[in-house]
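Understanding the architecture of this molecule
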Amino acid sequence: MNNTLDTRSNAPSFHLSPSIMDKLTVLTDAAKYDVACTSSGIDRRGDGTGIGNTLSCGICHSFSADGRCVSLLKVLLTNECIFNCSYCRNNCNSDIPRATFTPEEICTLTIEFYRRNYIEGLFLSSGIIISPNYTMELIYQSIYLLRNVCHFQGYIHIKAIPGADSLLIEKAGFLADRMSINLELPTSDALRKLAPCKSRSTILKPMRQIQNGIVRNKNELISYRKTPRFVPAGQSTQMIIGATPENDFQIMHVAESLYQKFDLKRVFYSAFVNVTHDTNLPSLPGGPPLLREHRLYQADWLLRYYHFSVDELLTDDRPNFNIYLDPKCDWALRHLEYFPVEIHAADYKTLLRVPGIGAKSARRIVKARQGCKLDFSDLKKMGVVLKRALYFITCSGRMLYPTRMDEDYICRNLLSDRTQIPRELREEGYRQISLFDDMSFGGDKNVCVSL
C-alpha cells in the first residue's frame, strides 16, 4: 500500500497502512510528556447515531490567539535519541520500542487526519537522531512538504532543536506558526547533572534567534506587506518541575526572566514523572507534583495578565506557594492593608488584584460604572465570583455583609468554599488548624496553617 505523497496531484493518495499506524502508536505515546498542549486522553468510536468520533492516539488541544480551541496531531518525528537525559523516557539508554517517521509519512498523517476532521493542525517534536542538524533538517522537510506540496494552511507548532544550524531554524520559522525550545530544567546546575549533553547556552541561543527574527519580521511587514511571516504565533518553552530541588520562588524567577528577556508567549510547567527510575532522580512516593504544577500555572497567569511580579507573590522566607489557596487569594490575605477596595473608585490594575475579579470582569466594571452605580448583583452578572471577592470590596462604601478584616477569619471562610480546595486535597481531606493543636506539626499533613 502506497505511503508516499503523490506530488503530481499534490495530495496523499492512500489510506494508512499497518506499519504507519504502528509508528503512530509508538511516537504519539512517546510525545505525551511534552506539555506544550493538552492531550485529549479519550478513545471513543462513533456508534452510528451521531457525528464523529474521538481518538486518544495523538490528538491534543491548543488555543489560538483569538481564543479558539484547536485540535492538533501531537507526535514525535522520532523517539530515537543520541542524548542520555536522565529524566527522559526516550534517552539512548532506555529499552523501549523505537520508531522514526519520514517527512512524507508526517505529511500523510497530517493530511489524512485533517480530511477526517480529527485535527486542525500539527504539533511536531522529536528526539535527536544522528545530530541536531540532521533532525532539524527532517523537521524542516516535513513542514516544507506540508506547506508547499500539500498546500496545508493549518496550524503548525514545531520544536526547534538546540544546537542545530541557525539557517535551518530560520527556514523552519517561515513555515511554522509557533516554535518552542524546551528549557528542560530551571537551573544550569540541574541541567549539567541530569542532561549532560545539553547546556543552557545551546538552548538560549536559538531562543534569542527566534525572538530577534520575530521582531525583525514585524518591522519588515510594516514596510513590505508581502513579506512571509516568521513564527507569527510566537515561541514557548517548558520546564520540568520536581526532578530537581529548586523551590517555587526560583522557578518563577526563571519564568519571569524568560518573559522579560525573550518575550515568550508561554512557559509550560511539567510535573516530573519518574519513568526512567534513574538513581539521580527523586522517587516521588506521592506521585507527580500535580498540585504544585497547578499553583505554578496560576501564578504564571498572574505574571502575564494581572501585573504581578514574582517578588510580590513569594519571598526568600516564603519560597513556595500555599497549597490550600490559589496565589492571588494568598497574596491578598497577606496584604489586607490594601483592602477593601471601592468598586467605583479603584483603577483597572487594582481591581485585577481582587480575588474573584478577572481581567474580563474588571474591564466590564470600569466600563459600566461610567454610566451608573453598581451593586453586588450587578457584579455577579459581570462574572465576579462574589464568594471570594466579598471580603475585599465595597460598593458605594458598603460591604456585602459585615466582615472582619482579619486574616484567619477570611482564610477560614475562603476554605469553607470547597471549590477553593484543589480536588487532590478534597479527596484526601483537610482540616483547619486550631489554637489547641500541637504546634510541632508532626501529625497531620493535611492541615491549613494561616499565619
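In this text the structure is predicted, and so the values were computed from the model without any measurement. (Residues numbered from 1 in each chain as written. Predicted model: local features only at pLDDT ≥ 70, side-chain atom pairs only at ≥ 80, totals over all residues. Heavy atoms only, no water.)

This part takes up the overall build of the chain. When its secondary structure is counted, the chain shows 16 helices and 14 strands. When each of the 451 residues of the chain is scored for burial, the buried share is 50%. Once local pairs closer than 6 in sequence are excluded, the contacts in the chain between residues at least 24 apart make up 63%. Here the chain has roughly 22,400 Å² of accessible surface; of this, 52% comes from carbon and sulfur atoms. (Helix = DSSP H or I, 4+ residues; strand = E, 2+ residues; numbered from the N terminus. Buried < 20%, exposed > 50% of the residue type's maximum accessible area, 1.4 Å probe, protein only. Contact = heavy atoms within 4.5 Å. Areas by Shrake-Rupley, 256 points an atom, 1.4 Å probe, with all protein chains shown as cover.)

This part covers the side chain of Glu 342. With respect to the helices and strands, the residue Glu 342 is situated in strand β11 (residues 341–342). One buried charged side chain, Glu 342, makes no salt bridge at all; its nearest oppositely charged neighbour is Lys 373, positioned 6.3 Å away. A distance of 2.9 Å separates a polar atom in the side chain of Glu 342 from a polar atom in the side chain of His 344. Once residues lying within four places of it in the same chain are set aside, the contact partners of Glu 342 are Thr 394, Cys 395, Ser 396 and Gly 397. (Lys, Arg positive; Asp, Glu negative; His and termini not counted. Salt bridge = Lys/Arg side-chain N within 4 Å of Asp/Glu carboxyl O. Polar contact = N/O pair within 3.5 Å; in protein donor to acceptor, adjacent residues only side chain to side chain.)

All right, on to the nonpolar core then. Membership of the largest hydrophobic core comes to 121 residues, with the highest contact counts inside it found for Met 136, Ile 158, Met 179, Leu 379 and Ile 393. Per-element tally for this core: the top contributor is helix α7 (residues 248–262), with 8 residues. Beyond its immediate chain neighbours, meaning those up to four positions away, Met 179 contacts Met 136, His 157, Ile 158, Ala 160, Ile 169, Ala 172, Gly 173, Ile 210, Val 231, Gly 234, Gln 235 and Ser 236. (Core = buried A, V, L, I, M, F, W, Y, C linked by side-chain atoms within 4.5 Å.)

Moving on to the confidence of the model for the chain. Across the chain, the average pLDDT comes to 84, with 80% of residues at 70 or higher. When the criterion is pLDDT under 50, residues 49–58 qualifies, and its contacts beyond four places in sequence or with other chains add up to 24 contacts. For residues 429–451, every residue scores under 50 in pLDDT, and the model assigns this stretch 37 contacts once sequence neighbours within four places are set aside. (pLDDT = per-residue confidence, 0-100.)

When the terminal C-alpha atoms of helix α8 (residues 290–305) are compared, their 23 Å separation across 16 residues agrees well with the 22 Å that a helix rising 1.5 Å per residue should span. Residues Leu 291, Glu 293, Arg 295, Leu 296, Ala 299, Asp 300, Leu 302 and Leu 303 constitute the buried set of α8. Positive backbone phi, at 65°, marks His 307, one or two positions downstream of α8. (Expected span 1.5 Å × (residues − 1).)

This part is about the pairing of strand β10 (residues 266–271). For a regular strand, the rule is simple: side chains alternate between the two faces of the sheet. Of all 6 residues making up β10, 5 are buried, and the element is well covered by its neighbours. Sheet topology places strand β9 (residues 235–241) next to β10; 6 bridges connect them, and they run parallel. Bridge assignment links Gln 238 to a residue of β10, and that residue is Phe 268. (Pairing = 2+ DSSP bridges.)

On to the pattern of salt bridges, then. By the definition in use, this model includes 13 salt bridges. Glu 112 is paired through a salt bridge with Arg 116; the nearest N and O atoms lie 2.6 Å apart. Looking at Arg 116, the relative accessible area reads 36%, which means it is partly exposed. Notably, a salt bridge pairs Arg 304 with Asp 300, separated by 2.7 Å at the nearest N-O pair. Pair noted here: Arg 304 and Asp 300 are both in helix α8, with a separation of 4 residues, about one helical turn. Several salt bridges converge on common partners, so that one network encompasses Glu 112, Arg 115 and Arg 116.

The next thing to look at is the environment of Glu 104. Mapped onto the secondary structure, Glu 104 falls in helix α2 (residues 103–115). By relative accessible area, which is 31% here, Glu 104 ends up partly exposed. Measuring from C-alpha to C-alpha, the distance between Glu 104 and Ser 142 comes to 6.7 Å, with 38 residues separating the pair along the chain.

A separate point is the packing of aromatic side chains. Evaluated as defined, the whole model comprises 11 aromatic pairs. Each ring, one from Trp 331 and one from Phe 339, has its centre 6.0 Å from the other, and the planes form 85°; the classification is edge-to-face. The exposure class assigned to Trp 331 is buried, which follows from its relative accessible area of 3%. Ring plane angle 70° and centroid distance 5.1 Å describe the contact between Phe 339 and Phe 392, whose orientation is recorded as edge-to-face. Taken together, the positions of Phe 339 in the loop between α10 (327–334) and β11 and Phe 392 in the loop between α14 (386–389) and β12 (393–394) put the pair 53 residues apart, joining distant regions of the chain. Taking relative accessible area as the criterion, Phe 339 reaches 9% and is therefore assigned buried. Through a chain of ring-to-ring contacts, three or more aromatic side chains come together here, namely Phe 308, Trp 331, Tyr 338, Phe 339, Tyr 391 and Phe 392. It is Arg 353 that lies over the ring of Phe 308; its NZ or CZ is 4.1 Å from the centre. (Phe/Tyr/Trp six-rings, centres within 6.5 Å; stacked < 30°, edge-to-face > 60°. Lys NZ or Arg CZ within 6 Å of the ring centre and 35° of its normal.)

Before going further, it helps to examine the packing of α7 against α8. For the pair α7 and α8, interaxial distance at closest approach is 11 Å and the crossing angle is 40°. In this structure, α7 meets α8 at a crossing whose hand is right-handed. Seen from α7, the contacting residues are Asp 248, Ile 251, Met 252, Ala 255, Glu 256 and Tyr 259; seen from α8, they are Arg 292, Leu 296, Ala 299, Asp 300, Leu 303 and Arg 304. (Axes fitted to C-alpha atoms, helices over the stretch in contact; angles between N-to-C directions. Left-handed = near helix turned anticlockwise from the far one by under 90°.)

Attention now goes to the packing of α2 against helix α3 (residues 132–148). With their axes 8 Å apart at the nearest point, α2 and α3 run at an angle of 45° to one another. As summarised for this structure, α2 and α3 are arranged oblique, according to the angle between their axes. α2 and α3 meet at a crossing whose hand is right-handed. Each of Pro 103, Glu 104, Ile 106, Cys 107, Thr 110 and Ile 111 in α2 lies in contact with α3, whose residues at this interface are Leu 138, Gln 141, Ser 142, Leu 145 and Leu 146. Taken together, the residues of the contact of α2 with α3 sort by class into 7 nonpolar, 3 polar and 1 charged. (Parallel < 35°, antiparallel > 145°, perpendicular 65-115°, else oblique. Nonpolar A, V, L, I, M, F, W, Y, C, P; charged D, E, K, R; others polar.)

What follows is about the state of the cysteines. In the structure shown here, the tally under the stated rule is 0 disulfides. Here Cys 85 is not cross-linked by a disulfide; its sulfur's nearest cysteine counterpart is in Cys 88, at 6.1 Å. (Disulfide = S-S within 2.5 Å.)

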